[in-house]
Amino acid sequence: MTKQEFLDSLRMALTGRVSAPTVEENIRYYTDYINTQVRMGESEEDVLAGLGEPRLLAKSIVDADRRMGKEPVDEEVESKETVHDTGSQRRTRMSVWLVLGSVVLILILLLSIIFSVLAFLAPILLPIALCLFLVRVFWNKPKR
């Protein structure tokens, strides 16, 4: 297998499974790698044998791309520039849930503090309020 055959096979195996920039980035990387190794005295055949099958190499690249949170790409959709960043959408959804959860926890905390204070003061305030009510009712009562 020649360098060009290797790179063409790698490109075909990656196309449609990762984004176009990722394909080009990897093709550039392996082109530079092969050229560098050949300049250092290794034969092209030995370098390509060391790299292995382009199909298996592409599988590793796709798996690594997915582990980094990138989703497979539909080339047709990408060419229309309507690709949505699902990683960004996930972060946005997580942020919304985080904010909602925080608001709910703060409300629960505030309500528990208010009810704790009321529960503490109720035995004192209720008799005072009752006495004031009774005094008002009976104090101003007209005589017959």
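Everything numeric here is computed off the predicted structure, so don't read it as measured data. Here the residue index of a chain counts from 1 through its sequence in written order. For a predicted model such as this one, the threshold for reporting local features is a pLDDT of at least 70, and the threshold for listing and counting side-chain atom pairs is 80 or more; totals across whole chains, interfaces and linings nevertheless cover every residue. Side-chain descriptors were evaluated using all non-hydrogen atoms of the structure, hydrogens and water having been removed beforehand.

1. As for the packing of aromatic side chains
The relation between two aromatic rings is expressed through the spacing of the ring centres and the mutual angle of the planes.
Inference 1: Pairing of aromatic rings covers Phe, Tyr and Trp, the last through its six-membered ring, and needs centres within 6.5 Å; plane angles under 30 degrees mean stacked, over 60 mean edge-to-face, and all others mean tilted. Scanning all chains against the criterion turns up two aromatic pairs.
Inference 2: Summarising the aromatic geometry, the rings of Tyr29 and Tyr30 are spaced 4.9 Å apart at their centres and angled 90 degrees between planes, so their arrangement reads as edge-to-face.
Inference 3: An aromatic cluster is built from Tyr29, Tyr30 and Tyr33, whose rings are joined through pairwise contacts.

2. Comments concerning the packing of helix α1 (residues 3-14) against helix α2 (residues 20-39)
Inference 1: To obtain an axis, a line is fitted to C-alpha atoms, over the contacting stretch when the element is a helix, and the angle between two such axes runs from 0 to 180 degrees between their N-to-C directions. Only DSSP runs of H or I reaching four residues or more are called helices, and only runs of E reaching two or more are called strands; each is numbered from the N terminus. Relative to each other, α1 and α2 sit at 160 degrees, their axes nearing to 10 Å. Between α1 and α2, the angle is such that the two are roughly antiparallel. Once α1 is placed against α2, the crossing between them reads as right-handed. Residues Lys3, Phe6, Leu7, Leu10, Arg11 and Leu14 of α1 form the contact with α2, whose own contacting residues are Val23, Glu24, Asn26, Ile27, Tyr30, Thr31, Ile34 and Asn35.
Inference 2: The residue classification treats Ala, Val, Leu, Ile, Met, Phe, Trp, Tyr, Cys and Pro as nonpolar and Asp, Glu, Lys and Arg as charged. All others, Gly included, are polar. Among the residues making up the contact of α1 with α2, the classes are represented as eight nonpolar, three polar and three charged. Roughly parallel here means an angle under 35 degrees, roughly antiparallel means over 145, roughly perpendicular means 65 to 115, and every remaining angle is called oblique. Helix crossings are classified by the rotation of the near helix relative to the far one: an anticlockwise turn of less than a right angle makes the crossing left-handed, while a clockwise turn makes it right-handed. Here a residue-residue contact requires only that any non-hydrogen atoms of the pair lie within 4.5 Å.

3. Remarks on the pattern of salt bridges
Inference 1: Throughout this description, the term salt bridge denotes a Lys or Arg side-chain nitrogen within 4 Å of a carboxyl oxygen of Asp or Glu. Tallied over the full model, the rule gives two salt bridges.
Inference 2: Across the salt bridge formed by Glu24 and Arg11, the nearest N and O atoms sit 2.5 Å from each other. On the criterion of sequence distance, the pair formed by Glu24 in helix α2 and Arg11 in helix α1 is long-range, its members being 13 residues apart.
Inference 3: Note on exposure labels: buried denotes an accessible area under 20% of the residue type's maximum, exposed denotes more than 50%, and partly exposed covers the range between, all computed with a 1.4 Å probe on protein chains only. A residue is classified by how much of its surface remains accessible, and Glu24, at 33% relative accessible area, is partly exposed.
Inference 4: Classification of Arg11 by relative accessible area gives partly exposed; the value is 30%.

4. Quick look at the nonpolar core
Inference 1: Definition used in this section: a nonpolar core is a set of buried Ala, Val, Leu, Ile, Met, Phe, Trp, Tyr and Cys residues joined via side-chain atoms within 4.5 Å. Counting 17 residues, the largest nonpolar core has Phe6, Leu10, Leu14, Tyr30 and Leu51 as the members making the most contacts within it.
Inference 2: Mapped onto this core, the elements with two or more residues apiece are α1, α2, α3 (44-51) and α4 (54-67).
Inference 3: Counting residues per element, this core draws most heavily on α1, which supplies five residues.
Inference 4: Here Leu10 is in contact with Ile27, Tyr30, Pro54, Leu57, Ala58 and Ile61, once residues within four sequence places are set aside.

5. Some words on the confidence of the model for the protein chain
Inference 1: Taken as a whole, the protein chain shows an average pLDDT of 84; of its residues, 82% reach a score of 70 or greater.
Inference 2: Scored below 50 in pLDDT, residues 75-85 makes 13 contacts in the model with residues more than four places away or belonging to other chains. Scored from 0 to 100, pLDDT reflects the predictor's confidence in each residue.

6. What about α2?
Inference 1: Between its terminal C-alpha atoms α2 stretches 29 Å, which fits the 28 Å expected from 20 residues at 1.5 Å a residue.
Inference 2: Three or more residues of α2 are buried, namely Thr22, Val23, Asn26, Ile27, Tyr30, Thr31, Ile34 and Gln37. Mapping the buried residues of α2 onto a view down its axis gives an arc of 165 degrees, with all of them on the same face. Looking at α2, the residues exposed on the side facing more than 90 degrees away from the buried face are Pro21, Glu25, Arg28 and Arg39.
Inference 3: For α2, the elements touching its buried residues are α1, α3 and α4.
Inference 4: In the segment just after α2, Gly41 is the residue with positive phi, at about 110 degrees. One less than the residue count of a helix, multiplied by 1.5 Å, gives the span that helix is expected to have. When we speak of the arc, we mean the arc of directions from the helix axis to the C-beta atoms.

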